Amino acid sequence: MEFEVWWLVFIPVFFFLGWFAARLDLKQLLQETGGVPDSYFKSITFLLNEERDKAIDSFIALAKEDQDSVELQFMVAFFFRQKGELQRAIAIHKGLLDRLDLSSEQRMRATCEIGVDYYKAGFFDRAEHSLKGVTSGKHKGKALEVLESLYVHEKDWERAIICARERSDFPGASRVKNMSHYYCEMGDIEYQNGNYDKSRKHYDEALKHHHNSVRAILGLGNVAVQTQSIQDAIDIWQTIDVKDPRYNALILERLVSSYLDLGRSKEFLELVEKYLQRSPNPMLVELALKIPEIKKYGANSVYDVVRSELKKSKELVWARFLIDNIEISSEFTESLWQDLQLIKQSLVAYSESMMHRCVECGYKAKGHYWQCPACSQWQTFSPSKLTLDGKQND
């Protein structure tokens, strides 16, 4: 298509139309906001300037003046909840529920919000009653989410599973990993009570919802051991190396006991060497060197891995194992031996300061948790401990 000079005539026409439309929009906006009190804009200005406390005080004062504004009441109640003033948030939501002019959607919202207030205040019976009252609408997903958290807190895993299933009908609410852990919790309870058949069914169900569930695989292996199927346990546990080799350290001691029970220590030594080559980490090395058979027959291959990792990463935690080896295999003067002990103590203190960390909230702990004690999310803890600078050793 060729350019025609006369097309330039349309440029000022389009400019004028755009200017005219903008003027109309501005005029309409001024008309619509003409009845809005200045305190609205004052409150919003505080929020934009990140002066949160002033904004809250301003909205509270505004809500007293304009008690008919439903959205404003919801906003003030939200601010009260954020500040931890739950009784005042509950009072506002109760006031909203007493009104007869609420739409169905607003009533469901108020019912949901007061349920959240009760939950955060620790009134779990009231929270459950209110949240169950949210039977329809776009707020049901949030109600189910809080209700699920409530049941998890009370360790009512069956009801937590029901909520998780219902939540799957809402966009962005997939909780298959959480459901897998709920089934594992029930499996652990049955296992501790000696009900191994029921325990196995729960672990199998966990795998249906999350086929890479390391926790369910660990549980199934434990059940196999208790039912005199040691080879089955070994086969089950070894699938972890395929699904997620970072968790090999969690099954090493179990595999040791099982292989030794079967009198197959050579196979076990080969397996440990394979694990170390595939996914070397300090926890795995530390566990391996505590096993007498490995210290006696397979220590050289373990120390080869340590040397290789120390050359690559320069992480001090690997040096600790080499110093252990030097102490065993060499002779030193008393002074040099004391120096080595001092170095070792520093390295031990360094390695002991390493922690598992939740990738969701950053919570750190010396032990591994399936559910974070701080944010309650499932399987967010690093399988291996982290160094002081936050780097992972796997």
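Preceding this paragraph is the structure being described.
A quick note: this is a predicted structure, and the numbers were derived from the prediction, not measured.

Moving on: the environment of Ile-162. Mapping Ile-162 onto the fold places it in helix 9 (residues 157-167). Residues Ile-162 and Glu-148, spaced 14 residues apart in sequence, show a C-alpha to C-alpha distance of 8.4 Å.

This part takes up the packing of helix 10 (residues 176-192) against helix 11 (residues 196-209). At their nearest, the axes of helix 10 and helix 11 sit 8 Å apart, and the two run at 170° to each other. Considering the angle they form, helix 10 stands roughly antiparallel to helix 11. Contact with helix 10, carried on its side by Val-176, Met-179, Ser-180, Tyr-183, Cys-184, Met-186, Gly-187, Asp-188, Glu-190 and Tyr-191, involves Tyr-196, Lys-198, Ser-199, His-202, Tyr-203, Glu-205, Ala-206 and His-209 of helix 11 and no other residues of that element. Here the residues of the contact of helix 10 with helix 11 are counted per class, giving nine nonpolar, five polar and four charged.

Glancing now at the nonpolar core. Counting 40 residues, the largest nonpolar core has Leu-252, Leu-255, Phe-268, Val-285 and Ile-294 as the members making the most contacts within it. Put simply, the parts of the chain that give this core at least two residues each are helix 12 (214-226), helix 13 (230-243), helix 14 (248-261), helix 15 (265-278), helix 16 (282-289), helix 17 (292-313) and helix 18 (316-329). Trp-157, Ile-161, Ala-164 and Ala-206 belong to the second largest nonpolar core, which has 32 residues in total.

A probe as big as a water molecule, rolled over the atoms, marks out the empty space that is left. What the largest pocket holds in volume is close to 600 Å³. Along the walls of the largest pocket sit 23 residues, with Tyr-119, Ser-149, Cys-375, Ser-376 and Gln-377 positioned nearest its centre. Listed by contribution, the elements that provide at least two residues to the lining of the largest pocket are helix 6 (104-121), helix 8 (140-153) and helix 10. Residues of the lining of the largest pocket, tallied by class, amount to ten nonpolar, six polar and seven charged. Taken as a whole, the second largest pocket encloses approximately 320 Å³ of empty space.

If you walk through the whole model with that rule in mind, you get zero disulfides. Just so you know, Cys-361 is unpaired, no disulfide at all, and the nearest cysteine sulfur is the one on Cys-372, 3.7 Å from it.

This part covers the packing of helix 9 against helix 10. At a closest axis distance of 9 Å, the pairing of helix 9 and helix 10 adopts a crossing angle of 165°. Classified by the interaxial angle, the pair formed by helix 9 and helix 10 is roughly antiparallel. Of the two elements, helix 9 crosses helix 10, and the hand of that crossing is left-handed. Residues Trp-157, Glu-158, Ala-160, Ile-161, Ala-164 and Arg-165 of helix 9 touch helix 10, and the partners they reach there are Met-179, Tyr-182, Tyr-183, Glu-185, Met-186 and Ile-189.

This brings us to the pattern of salt bridges. The full count for this structure, using the stated rule, is 22 salt bridges. When the shortest N-O distance is used, the salt bridge between Asp-101 and Arg-99 registers 2.9 Å. The exposure class assigned to Asp-101 is exposed, which follows from its relative accessible area of 52%. Looking at Arg-99, the relative accessible area reads 17%, which means it is buried. In this structure, Asp-197 engages Arg-200 in a salt bridge whose closest nitrogen and oxygen atoms are separated by 3.1 Å. With Asp-197 and Arg-200 both in helix 11 and three residues apart, this pair spans about one turn of that helix. Judged by its relative accessible area of 30%, Arg-200 is partly exposed.

Each value, and the rule that gives it
Residues numbered from 1 in each chain as written. Predicted model: local features only at pLDDT ≥ 70, side-chain atom pairs only at ≥ 80, totals over all residues. Heavy atoms only, no water. Helix = DSSP H or I, 4+ residues; strand = E, 2+ residues; numbered from the N terminus. Axes fitted to C-alpha atoms, helices over the stretch in contact; angles between N-to-C directions. Parallel < 35°, antiparallel > 145°, perpendicular 65-115°, else oblique. Contact = heavy atoms within 4.5 Å. Nonpolar A, V, L, I, M, F, W, Y, C, P; charged D, E, K, R; others polar. Core = buried A, V, L, I, M, F, W, Y, C linked by side-chain atoms within 4.5 Å. Buried < 20%, exposed > 50% of the residue type's maximum accessible area, 1.4 Å probe, protein only. 1 Å grid on protein atoms, 1.4 Å probe; cavity = no way out; pocket = protein on both sides within 12 Å on 5 of 7 lines; lining within 4 Å. Points joined across faces, edges and corners; volume = space filled by probe spheres on them. Disulfide = S-S within 2.5 Å. Left-handed = near helix turned anticlockwise from the far one by under 90°. Salt bridge = Lys/Arg side-chain N within 4 Å of Asp/Glu carboxyl O.

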